[in-house]
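Listed here are the chains, written in short residue letters.
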Amino acid sequence: ISACLVGSEMCIRDRRYRVGMAQYMLQNYDAATAAFAGSLAIAPQDDDMYIADVYWLVLSQLRAGQADEAQKTFQQHYRPDMYVGHHTAYEKAMRVAAAGFAPMEDMLAELDAEEDDLQFAMMAYGLCVLLEAHSETEKADALRQKLLVRDGFWFLSLIHISEPTRQAEISYAVFCLKKKKKDI
């Protein structure tokens, strides 16, 4: 259970973010865009959560066919000097988009070296959406295939939907991942 104070900006932002995630998963990209934009409209608490909002807002906009709006989001909200804590995968995918797609090949090589399944999954998913937005469907499909064979990705990614920024949720996600690997 979240320990946020009812009505606090952080609590409101957290709720908007979670509504955005739910709408995105339901493929209601316009509603997801509105929720993430609402979350970003609240003064940022830290770069770590802010980059998560930017990542999902941009992906929502691209999925909704709003490439021009996605580019505006990059220009307005992304900074290369953001301190992103555990959201490094989000930042890497946004770095590719903010640079006009130019460093994609370098980022794909960096992705291949990523050992952490969750970081790999989040970065790969964002890059797949970016590739599709640039009509690079064959590259997106190849990357999606790499994503599907990563051990540990599936179960942990389902938990990650709730954005585990609290220690208890992170511990629970790690426990579930270890349990899944033991059961295999």
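Rules used throughout
Residues numbered from 1 in each chain as written. Predicted model: local features only at pLDDT ≥ 70, side-chain atom pairs only at ≥ 80, totals over all residues. Heavy atoms only, no water. Phe/Tyr/Trp six-rings, centres within 6.5 Å; stacked < 30°, edge-to-face > 60°. Buried < 20%, exposed > 50% of the residue type's maximum accessible area, 1.4 Å probe, protein only. Helix = DSSP H or I, 4+ residues; strand = E, 2+ residues; numbered from the N terminus. Core = buried A, V, L, I, M, F, W, Y, C linked by side-chain atoms within 4.5 Å. Contact = heavy atoms within 4.5 Å.

1. Digging into the packing of aromatic side chains
Applying the stated criterion to the full structure yields six aromatic pairs. Consider the rings of Tyr-24 and Tyr-29, whose centres lie 5.1 Å apart with planes at 65 degrees: the pair is edge-to-face. On the basis of relative accessible area, Tyr-24 is assigned to the buried category, the value being 3%. Ring geometry for Tyr-24 versus Trp-56: centroids 5.0 Å apart, planes at 70 degrees, classification edge-to-face. Of this pair, Tyr-24 sits in helix α1 (residues 9-25) while Trp-56 sits in helix α3 (residues 47-63), and the two are 32 residues apart along the sequence. Taken together, the ring pairs connect Tyr-24, Tyr-29, Tyr-55, Trp-56 and Tyr-125 into an aromatic cluster.

2. Some details on the nonpolar core
If you look at the biggest cluster of nonpolar residues, it comprises 47 residues, and the most contacted ones within it are Trp-56, Met-94 and Leu-127. Contributing elements (two or more residues each) for this core: α1, α2 (29-41), α3, α4 (67-77), α5 (88-98), α6 (104-112), α7 (117-133) and α8 (137-148). Contact partners of Met-94, with chain neighbours within four places excluded, come to Ile-51, Val-54, Tyr-55, Val-58, Phe-74 and Tyr-78.

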